[in-house]
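Listed below are the residues making up each chain.
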Amino acid sequence: MSDPAPSAQATRHNHASQPANEQGHGNQDHSGNGHHNHGAMIADFRRRFWVSLVLTVPILALSPMIQSFVGLEGMLAFPGDRYLLFALAAGVFFYGGWPFLSGLTAELRQGQPAMMTLIGLAITVAFVYSAAVVLGLEGEVFFWELATLVDVMLLGHWIEMRSIMGASGALEALVRLMPATALRIGPNGETEEVPVDQLAAGDRVLVRPGEKVPTDGVIQEGRSSLDESMLTGESKPVGKGPDDEVIGGAVNGEGALTLEIRKTGADTYLSQVIEMVRQAQESRSRTQNLADRTAAWLTYIALTVGAVTLAAWLTAGYAFDFSLERMVTVMVITCPHALGLAVPLVVAVSTTKAAASGLLIRDRAAFERARDLDAIVFDKTGTLTEGRFGVREVVPLGDLGADEVLALAAALEGQSEHPIARGVAEGARARGLDVPQPRDFRNLPGEGVEAQVDGATVRVVSPGHVERLGIEVADERPERLAAEGSTVVYVLRGEDLVGAIALADIVREESREAIDRLKAMGIQCMMLTGDSKEVARSVANELGLDDYFAQVLPDQKATRIRQVKERGLTVAMVGDGVNDAPALVEADLGIAIGAGTDVAVESADIVLVNSDPRDVAAVAELSAATYRKMLQNLWWAAGYNIAAIPLAAGALYWAGILLAPAVGAAVMSASTVIVAVNAKLLERFRPRGGDAAAA
């Protein structure tokens, strides 16, 4: 049987003093083993719980205290029953209790007693004392208390571990962006397909339209537009030609490219992003679990009050067995079942409630910090905006009207899959325009498109193409729109310039409501983007953001988040692309738009399944409600101890009041029920996210 000590440690989230290599969920394993280990730990707790539960049934039936409590005293007695009871309890103690015993050892070795210490101490005292009673010491056995305590604690840890996600797959998702093979060009111009890891600096490769660039390089031949949005955050495709650098993982557009490889392996841009994600995840701040802090205090109280109780009764002249029973009762009753369920039950209900609202919680400690957010930094493309181009304005420059210019452009762009082309075509459809049919359509690599429309040659081209043709644009509006962050294309009929079309990334309607709600909550709203300052300023002004950062590369995004945190603010980052991954992990809370890339989702603490920015506000609201329930449950559990420990110690023995173990069991059960019911009340909370807002 494998040693489950790591399982025990893995359930203790975010101990501030715990070494990084012993962290359970604080330091996530990105080697691929994290998810497997997490699943194995869940299975281990599940298996131990069911075995212990089966053994608990006869333990309860054979326990004299339980028999007396239910009115069956002596009815189930038989010769040797106490030895059978001892054997069954030993099975629960050593098998079911092993994660807590090994956890106790680990915590004491680190000098950081917490939940495992408290549970391990309670079951050890109960077992050793009860075993001594079986062997002849005067007193009552606590095997039933031991068994039920182990069952409840195993159940609590099982629930807790199932309620949070396992180790991140961020690095694997990043690696999957790279193609596995490349077309290497030989000395004689022949091509051969080779694994990417066999490429070396100086090799020449062919990248056909629609393929991914295999690794960082420089274009030698060809022109095309490359979609680098998954890597740099730049929303619009970038036109590139000879001597321009390209990034591995970028998607080639319409033209074939011949590249010379410049960087491979760890030197590539994407590999550096991977390394930043790994470092950021390892340096993530850790906060000690609230239940663990409560358990640590209860541990000190149990040891202190237990020792004082034994010494006080012996000093008062009472028999050793009576004094020892008082001490054991204190030690056992100090670890209430309610404490073991106080947080896990709330976590389970909160996680389920969040999932039903489209909020997938991957890191509970980070989710709990959402209640204290001071600032939220949004990625622009795909988060605040739709990540697709829409027609902002049509500028007639000849004898055609705005609708005629747009219809003429849409005739060509309807034949292309280019993002700008799709924006033009969608703009024409939205206006209900009658779009003519083109003939002889062809791409102008890196320049635009051309076709015959109604007997005339029509081109939709870039500003650079117009400039190279020597055509002067007299109207200042296209230049002004470009300065404001729009992408401008020109429409030519024959040799005549007939119009310009300005396109821009479309701001989500939901973003406006999300920003308004967050600012009403006192949370500053900021934006990070790889886009130009003009584009960023336009979006920031439209949404009323408090601040924005433009032309920011991945390493700079993580730095920007760090700088915002250095202002003394608790910061959340919301994004959906590879370029957001380091920043998502650097932030106090990383939130991924679910429709985004795998790496953003895997690097985040929370995933917004509905890709609705309004759900960011729902995260903060649910976090606050969850924390309130946790505090309430911990107060209920601690309140049980505040009342029970003095009575168990015999503080009111002079008045004829002595807490019997059976009464303690009843109070303990009531406390557990109260905690469970209070946790379930969280189901009534309704986050005001996208779905809720729509409802």
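Residues numbered from 1 in each chain as written. Predicted model: local features only at pLDDT ≥ 70, side-chain atom pairs only at ≥ 80, totals over all residues. Heavy atoms only, no water.

A.B. asks: An account of the sheet that holds strand β16 (residues 487–493) is requested, with residue identities and associated values reported.
C.D. replies: Remark on secondary structure: sheet strands pair via backbone hydrogen bonds, oriented parallel or antiparallel. On the basis of which strands lie adjacent, the open sheet formed by 6 strands has the order β12-β17-β16-β15-β14-β13 and antiparallel pairing. Two strands close off the open sheet at either side, each with one partner strand: β12 (385–396) and β13 (439–444). Averaged over all pairs of adjacent strands, the angle between strand axes in this sheet comes to 20°, irrespective of strand direction. Sheet analysis places strand β14 (residues 448–453) next to strand β15 (residues 456–461), joined by 6 bridges and oriented antiparallel. The partner of Val449 across the bridge, within β15, is Val460. Running over the sheet, helix α17 (residues 419–430) touches β12, β16 and β17 (496–507) and is turned about 65° from β12. (Pairing = 2+ DSSP bridges. Helix = DSSP H or I, 4+ residues; strand = E, 2+ residues; numbered from the N terminus. Axes fitted to C-alpha atoms, helices over the stretch in contact; angles between N-to-C directions. Contact = heavy atoms within 4.5 Å.)

A.B. asks: Tell me what's going on with helix α25 (residues 615–649), and back it up with residues and numbers.
C.D. replies: Look at α25: 50 Å from first C-alpha to last across 35 residues, which is about the 51 Å you get at 1.5 Å a residue. Most pronounced at Ala643, the bend in α25 amounts to some 25°, and the proline Pro646 follows within four residues. Directly beyond the C-terminal end of α25, a positive phi value near 90° is found at Gly650. (Expected span 1.5 Å × (residues − 1). Bend = angle between axes of the 7 residues up to and from the residue.)

A.B. asks: An account of unusual backbone geometry is needed here, citing residue identities and associated values.
C.D. replies: Even without being glycine, Asp440 reaches a positive phi, approximately 55°. Along the polypeptide, Asp440 turns up in strand β13. The class for Asp440 is exposed, based on a relative accessible area of 58%. Of note, Asp454 is a non-glycine position whose phi angle comes to about 55°, a positive value. Mapped onto the elements, Asp454 comes out in the loop between β14 and β15. Overall, Asp454 belongs to the exposed group, its relative accessible area being 70%. (Buried < 20%, exposed > 50% of the residue type's maximum accessible area, 1.4 Å probe, protein only.)

A.B. asks: Lay out the packing of aromatic side chains with the relevant residues and their values.
C.D. replies: Scanning the model with the defined rule gives 10 aromatic pairs in all. Between Phe94 and Phe127 the ring centres are 5.7 Å apart and the planes differ by 75°, which places this aromatic pair in the edge-to-face class. Taken as a pair, Phe94 in helix α4 (residues 81–96) and Phe127 in helix α6 (residues 115–134) lie far apart in primary sequence, 33 residues in all. With relative accessibility at 48%, the residue Phe94 sits in the partly exposed group. Classification of Phe127 by relative accessible area gives buried; the value is 7%. (Phe/Tyr/Trp six-rings, centres within 6.5 Å; stacked < 30°, edge-to-face > 60°.)

A.B. asks: Which residues make up the environment of Ala61, and what are the values?
C.D. replies: In this fold, Ala61 is placed in helix α2 (residues 33–62). For Ala61, a relative accessible area of 30% corresponds to the partly exposed category. Ala61 sits 15 residues away from Leu76 along the chain, and the two C-alpha atoms are 7.4 Å apart. In contact with Ala61, not counting residues within four places along its chain, are Gln67 and Leu76.

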